[in-house]
Amino acid sequence: MKNCLVVDDSKVIRKVARHILESLDIKVTEACDGRDALNQCEAAIPDVVLLDWNMPVMSGMEFLQELSRTKMDARPKVIFCTTENGIGHIKAAVEAGADEYVMKPFDRDTLESKLQIVGVI
Amino acid sequence: MSAPGATPGNSAAFTGAMRILAGLLEARTGQILSESRIWRIETALKPVLRMNGMANLEELVSQLLASTESNLTDDVINALLNNETSFFRDLQTFDMLYRDLLPQLSSSKQDKVLRIWCAGCSTGQEAYSLAMQLRKDAGRWQGWRIQILATDISTAAISRAQSGLFSQIDVQRGLAINDLLRWFEPVGDDWKVSDELRRMIEFRVDNLLEPKASSGDYDLILCRNVMLYFSLERRQKVFSRLAEHSRQGSYLILGAGETVIGQTDAFAASRSFRGSYERSAKTEKINQPVRKTA
Ligand SMILES: C[S@@+](CC[C@H](N)C(=O)[O-])C[C@H]1O[C@@H](n2cnc3c(N)ncnc32)[C@H](O)[C@@H]1O
Ligand SMILES: [Mg+2]
């Protein structure tokens, strides 16, 4: 079973994402900001991270930069999942190493196809 | 592949107008509506009713019967067709095309002409996905003449396909972010496909039951998720048409849940490429009805 770490400061978004991911047979853990996510990744590397942009303590971009600096056995796939829908944000995220990008709002089909694209399912 | 709706159950409760509209759709397109979709005819046609200031389906039907105005008929047909599609639908199929089947065509065709037909292309995602797969391998196709014909019976679907404009929801389904960045630009809330891709494809309104837009032989035909709700006879007829527009060794790709088995002898499962069918040599059998198996 694959693992997904859902990183979002919104409890509602985490719940929606969890619901969809579990229906795709993916095990879900949650983090409420980038720092929390980084700590969790250091303890156990998930297969994929679903990452919000704006969060208190540490943003999605900061998380991504920290992640690429951190030494790890394996690297999780990172799917940005954010209301920042402008092409500038998308380009910046891809340049920073994001594997995929989902614009909110999203649905099951979208998430499923993005997980297929990054090879998690 | 049975045709839902072909054997009505509690269809006695359908109104006359519902039956006439379902009948019109089948006569024009071959599509047989399932019972649950017949129940939703009114919902599907709400926008058409509103646009024409009509109160109900009965009024619409009498207008349809009285007038020769084909715009109204087109609007009704467009609204009743299922245009469900997405970029890179069934990703494995597009991977297989990119990795195996297209390279095989490029090494086997001396004339350096590649002809592809997307039959039932809906709003264009399938044809654009193909074009992207070809452009990804641009070196291989250097000096080739590549023709992609994409046809659909829905005038609305074809004009959307031609516009190259897709909503945020459309571009998120199946399209990798790098392909979005490479091939699209934002226009308001939508995304517009690049002219470079658009120039590769000719979109035409055409009915598979009596195709006019297609001519000659295609090396590859995609006819995916179009014939699911056709009667067996119609499906056999369409397979013959597809066979007439291909040569021995051409490939046919159907939707993930579709098969040629029991429908035609003109195509057989390809041994080399999973999920694709190869045009057989025995052309003399093409127009003979095939016995129903299941
Ligand atoms: C469910 S969509 C599939 C689109 C695409 N091939 C795919 O697999 O994603 C089926 C399409 O077939 C078209 N169609 C239905 N009957 C047709 C006919 N007789 N001739 C041409 N197109 C037809 C519909 O308008 C619709 O756009
Ligand atoms: Mg947030």
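Residues numbered from 1 in each chain as written. Chains lettered and ligands numbered in written order. Predicted model: local features only at pLDDT ≥ 70, side-chain atom pairs only at ≥ 80, totals over all residues. Heavy atoms only, no water.

**Concerning the sheet that holds strand 7 (residues 218–223) of chain B**
All names here are of chain B. Strand order across the open sheet formed by seven strands is 6-2-1-7-8-10-9, with mixed pairing between neighbours. Each edge of the open sheet is held by one strand with a lone partner, namely strand 6 (201–205) and strand 9 (267–269). Each adjacent strand pair in this sheet contributes to an overall mean axis angle of 25°, direction not counted. The strands that helix 7 (residues 125–136) touches are strand 1 (113–119), strand 2 (145–152), strand 6 and strand 7; relative to strand 1, the one it contacts most, it runs at about 155°. Across the face of the sheet, helix 8 (residues 155–163) comes into contact with strand 2 and strand 6 while running at roughly 160° to strand 6. (Pairing = 2+ DSSP bridges. Helix = DSSP H or I, 4+ residues; strand = E, 2+ residues; numbered from the N terminus. Axes fitted to C-alpha atoms, helices over the stretch in contact; angles between N-to-C directions. Contact = heavy atoms within 4.5 Å.)

**Some words on the site of ligand 1**
Residues and elements named next belong to chain B. Residues in close proximity to ligand 1 total 21 residues, the closest being Thr29, Asn83, Thr85, Gly120 and Asp152. Here a nitrogen atom of ligand 1 sits 3.0 Å away from a polar atom, N or O, in the side chain of glutamine 31. Burial of ligand 1 by the protein chains amounts to 98% of its free accessible area of 600 Å². Class assignment for the residues of the shell around ligand 1 results in five nonpolar, 10 polar and six charged. (Near = heavy atom within 4 Å. Polar contact = N/O pair within 3.5 Å; in protein donor to acceptor, adjacent residues only side chain to side chain. Areas by Shrake-Rupley, 256 points an atom, 1.4 Å probe, with all protein chains shown as cover. Nonpolar A, V, L, I, M, F, W, Y, C, P; charged D, E, K, R; others polar.)

**What about the interface of chain A and chain B?**
The interface is formed by 19 residues belonging to chain A together with 14 residues belonging to chain B. A combined buried area of about 1,400 Å² lies between chain A and chain B, and 61% of that area is made up of carbon and sulfur atoms. The largest per-residue losses of area from chain A upon contact with chain B belong to Ile87, Met103 and Ile117 of chain A, which jointly make up 34% of the total buried on that side. Among the salt bridges present, the one from arginine 173 of chain B reaches aspartate 109 of chain A, with a minimum N-O distance of 3.7 Å. In this structure, the connection of chain A to chain B is made through seven residue pairs in polar contact (both at pLDDT 80 or more). Elements with a contribution of two residues or more to the side of chain A that touches chain B: helix 4 (87–95), strand 5 (100–103) and helix 5 (108–117) of chain A. (Buried area = accessible area lost by both parts, 1.4 Å probe. Salt bridge = Lys/Arg side-chain N within 4 Å of Asp/Glu carboxyl O.)

**Section: the coordination of the magnesium ion (ligand 2)**
Residues and elements named next belong to chain A. Surrounding the magnesium ion (ligand 2) are the protein donor atoms Asp9 (OD), Asp52 (OD) and Asn54 (O), which sit 2.1 to 2.3 Å from the metal. When the donors of the magnesium ion (ligand 2) are listed by position in the chain, the intervening gaps give D-x42-D-x1-N. Remark: aspartate 52 occurs in the loop between strand 3 (48–51) and helix 3 (60–69) and aspartate 9 occurs in the loop between strand 1 (2–7) and helix 1 (11–23); sequence separation between them is 43 residues. Taking the relative accessible area as the measure of exposure, aspartate 52 reaches 5% and is therefore buried. (Donors = N, O, S within 2.8 Å, 3.2 Å for Na, K, Ca; no water. Buried < 20%, exposed > 50% of the residue type's maximum accessible area, 1.4 Å probe, protein only.)

**Some remarks on the environment of aspartate 33 of chain A**
Residue and element names in this part refer to chain A. Note that aspartate 33 resides in the loop between strand 2 (26–31) and helix 2 (34–43). Overall, the relative accessible area of 10% leaves aspartate 33 in the buried class. For the pair aspartate 33 and methionine 61, spaced 28 residues apart in sequence, the C-alpha to C-alpha distance is 11 Å. Those residues within four positions of aspartate 33 in sequence are excluded, and the remaining contacts are Val7, Met55, Pro56, Val57 and Met58. In this structure the side chain of aspartate 33 is engaged in a polar contact, spanning 2.8 Å, whose partner is the backbone nitrogen of aspartate 36.

**Section: the UniProt feature "domain: Response regulatory" (unreviewed entry) in chain A**
The feature "domain: Response regulatory" (unreviewed entry), as annotated in UniProt, sits at residues 3–119 of chain A in this numbering. Segment residues 3–119 of chain A splits into 44% helix and 21% strand. End C-alpha atoms: 13 Å apart. (UniProt positions renumbered as here; feature names shortened; annotations may be inferred.)

**Some points on the packing of aromatic side chains**
Considering all chains together, one arrives at 12 aromatic pairs over all chains under this definition. When the ring of phenylalanine 80 of chain A is compared with that of tyrosine 101 of chain A, the centres are 5.9 Å apart and the planes differ by 35°; the resulting orientation is tilted. Of this pair, phenylalanine 80 of chain A sits in strand 4 (residues 77–82) while tyrosine 101 of chain A sits in strand 5; the two residues are 21 residues apart in sequence, bridging distant segments of the chain. According to the relative accessible area criterion, tyrosine 101 of chain A is buried, its value standing at 0%. Seen from their ring centres, tryptophan 117 of chain B and tyrosine 218 of chain B are 5.5 Å apart, and the 40° between their planes marks the pair as tilted. On the criterion of sequence distance, the pair formed by tryptophan 117 of chain B in strand 1 and tyrosine 218 of chain B in strand 7 is long-range, its members being 101 residues apart. Accessibility assignment for this pair places tryptophan 117 of chain B and tyrosine 218 of chain B in one class, buried. One aromatic cluster is present, built from ring pairs that chain together Phe87, Tyr128, Phe166, Phe184 and Phe203 of chain B. For the cation-ring pair, arginine 115 of chain B lies above tyrosine 218 of chain B, with the distance from its terminal atom to the ring centre recorded as 4.4 Å. Over the aromatic face of tyrosine 98 of chain B sits the side chain of lysine 136 of chain B, whose NZ or CZ is 4.6 Å from the ring centroid. (Phe/Tyr/Trp six-rings, centres within 6.5 Å; stacked < 30°, edge-to-face > 60°. Lys NZ or Arg CZ within 6 Å of the ring centre and 35° of its normal.)

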